[in-house]
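Single-letter residue listing:
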Amino acid sequence: MFQPVITIDGPVGAGKTTVGRLVAGELGFAFLDTGVLYRALAMLLLRVGADKDDYAQAEVIARNMNVKMLLEDEHHMLEINGEVVSEELYSPDIEQIVSHVAQQPRVRSSLLPIQRDIASTGPIVLVGRDVGSIVCPDAELKIYIDAPVAVRAERKYLEKIDSGDTISKSIILSLLQNRDEVDSDRDVSPLVVPERAIVIQSENLSAMQVATLIISYFSDLRGREEQLT
Ligand code: C5P
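Residues numbered from 1 in each chain as written. Predicted model: local features only at pLDDT ≥ 70, side-chain atom pairs only at ≥ 80, totals over all residues. Heavy atoms only, no water.

Description of the nonpolar core
Alright, step 1. Counting residues in hydrophobic clusters, the biggest one holds 40 residues, and the most contacted among them are M65, L78 and I80.
Alright, step 2. Broken down by element, this core gets its largest block of residues, nine residues, from helix α2 (residues 35–47).
Alright, step 3. Filtering out sequence-adjacent residues up to four positions away, M65 remains in contact with L37, A40, L41, L44, I80, N81, L111 and I114.
Alright, step 4. In this structure, A14, V127, I200 and V210 belong to the second largest nonpolar core, which totals 20 residues. (Core = buried A, V, L, I, M, F, W, Y, C linked by side-chain atoms within 4.5 Å. Buried < 20%, exposed > 50% of the residue type's maximum accessible area, 1.4 Å probe, protein only. Helix = DSSP H or I, 4+ residues; strand = E, 2+ residues; numbered from the N terminus. Contact = heavy atoms within 4.5 Å.)

Given below as structure tokens:
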């Protein structure tokens, strides 16, 4: 059966989440930003006062994480352990440790079934670092969005300014380079261009233009599937 799953991977600030939401909204698909799970894990770790190196504690939290999609919510929010996720997940404290926590193999394997369960529920767009390579390697359409690091840092900076933050551009650039490095160099499910993925260079495209491109790839695919049936 044609069970549409679209995966979008890429580095920090490539525009995956904005684009993924647009694609999901346009196609009427569910949407899962897998980064939220890693961020929630980092937040819960900080809340219990654990150290970022306390992988045993991180694993326990990951294994017991109860994730619910709020399907009626147009922003595709998640409820994690009974709490609707919030802006808190994007605080500097979490940004600083999330990639460190996410590199632990047992933490990753604990979060894998949660992501696969959600993905199996039907037409969905998944966004992350390993969704096309590890979480859903058989996805119908796999996309990898990229852009030069300076462009991605500028986008993140404008986002922060927009939301009233006063963080400097240079701090954003170094945080982003650090996360890129950790995400790409880790031993388990590093950030890679997944097999069969279509790479989109997004520096000169708006989020809507990227989303339109993805929707056209998907329509082509669906057209070909229909011809075969
Ligand atoms: O996408 P976002 O910036 O919210 O992700 C936060 C962090 O979570 C990433 O820097 C990465 O370390 C981790 N992550 C991951 N695998 C995913 C999604 C996110 O390792 N599929």
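Here's the deal with unusual backbone geometry
With the exception of glycine, the majority of residues adopt a negative phi angle, and the majority of peptide bonds are in the trans configuration.
Alright, step 1. The phi angle at N81 is positive, at roughly 50°, despite the residue not being glycine.
Alright, step 2. As for its position among the elements, N81 is in the loop between β4 (78–80) and β5 (83–84).
Alright, step 3. One non-glycine residue with positive phi stands out, namely R196, at about 70°.
Alright, step 4. Structurally, R196 can be placed in the loop between α8 (169–185) and β8 (198–201).
Alright, step 5. R196 sits in the exposed class, given a relative accessible area of 51%.

Some thoughts on the pattern of salt bridges
Alright, step 1. Using the criterion set out here, one finds 12 salt bridges in the structure.
Alright, step 2. Measuring nitrogen to oxygen at the nearest pair gives 2.9 Å for the salt bridge that ties R47 to E83. With a gap of 36 residues between them, R47 in helix α2 and E83 in strand β5 connect regions that are remote in the sequence.
Alright, step 3. Given a relative accessible area of 44%, R47 falls into the partly exposed group. (Salt bridge = Lys/Arg side-chain N within 4 Å of Asp/Glu carboxyl O.)

Considerations on the side chain of S99
Alright, step 1. Positionally, S99 belongs in helix α4 (residues 92–102).
Alright, step 2. Only 3.3 Å separates the side chain of S99 from the side chain of D183, close enough to count as a polar contact.
Alright, step 3. Once you skip the residues sitting within four places of it in the chain, S99 turns out to touch R179, V182 and D183. (Polar contact = N/O pair within 3.5 Å; in protein donor to acceptor, adjacent residues only side chain to side chain.)

Topic: the site of the ligand
Alright, step 1. Neighbouring the ligand are 14 residues, the closest being R39, R108, D130, R179 and D183.
Alright, step 2. Contacts to the ligand include T34, whose side-chain N or O atom sits 3.0 Å from a nitrogen atom.
Alright, step 3. Measuring from an oxygen atom of the ligand, one finds a side-chain N or O atom of R39 at 2.6 Å.
Alright, step 4. In the complex, 97% of the free accessible area of the ligand, which totals 450 Å², lies under the protein chains.
Alright, step 5. Listed by contribution, the elements that provide at least two residues to the shell around the ligand are α2, α4 and α8.
Alright, step 6. For the shell around the ligand, the residue count by class is three nonpolar, four polar and seven charged. (Near = heavy atom within 4 Å. Areas by Shrake-Rupley, 256 points an atom, 1.4 Å probe, with all protein chains shown as cover. Nonpolar A, V, L, I, M, F, W, Y, C, P; charged D, E, K, R; others polar.)

What about the sheet that holds β8?
Alright, step 1. The strand order across the open sheet formed by five strands is β2-β6-β1-β7-β8, and the pairing between neighbours is parallel. One side of each edge strand has no neighbouring strand; the edge strands of this open sheet are β2 (30–33) and β8. Strand-to-strand twist in this sheet, taken as the mean axis angle between neighbours without regard to direction, amounts to 20°.
Alright, step 2. Relative to strand β6 (residues 124–128), β2 is paired through four bridges, and the arrangement is parallel. Bridged to L32 within β6 is L126. (Pairing = 2+ DSSP bridges. Axes fitted to C-alpha atoms, helices over the stretch in contact; angles between N-to-C directions.)

Quick word on helix α3 (residues 55–63)
Alright, step 1. The set of residues buried in α3 consists of A58, E59, I61 and A62. Mapping the buried residues of α3 onto a view down its axis gives an arc of 165°, with all of them on the same face. Pointing more than 90 degrees away from the buried face of α3 are the exposed residues A56 and R63.
Alright, step 2. Packed against the buried residues of α3 are α2, α4 and α5 (105–119). (Arc of directions from axis to C-beta.)

Thoughts on the packing of aromatic side chains
Alright, step 1. Under the definition given, this model contains one aromatic pair.
Alright, step 2. Aromatic side chains F29 and F218 sit 5.6 Å apart centroid to centroid with 90° between the ring planes, which places their arrangement in the edge-to-face category. Placement of F29 in the loop between α1 (16–27) and β2 and of F218 in helix α9 (residues 207–228) is noted, with a sequence separation of 189 residues between them.
Alright, step 3. Judged by relative accessible area, F29 falls into the buried class, the value being 8%. (Phe/Tyr/Trp six-rings, centres within 6.5 Å; stacked < 30°, edge-to-face > 60°.)

A short note on the packing of helix α7 (residues 149–162) against α8
Alright, step 1. Closest axis-to-axis distance for the α7/α8 pair is 9 Å, and the angle between their directions is 125°. Judged by the inter-axis angle, α7 sits oblique to α8. The hand of the α7/α8 crossing is right-handed. For the pair α7 and α8, the contacting residues are V149, R152, A153, E154, K156, Y157 and K160 in the first and K169, I172, L173, L176, Q177 and D180 in the second.
Alright, step 2. Along the lines of polarity and charge, the residues of the contact of α7 with α8 split into six nonpolar, one polar and six charged. (Parallel < 35°, antiparallel > 145°, perpendicular 65-115°, else oblique. Left-handed = near helix turned anticlockwise from the far one by under 90°.)

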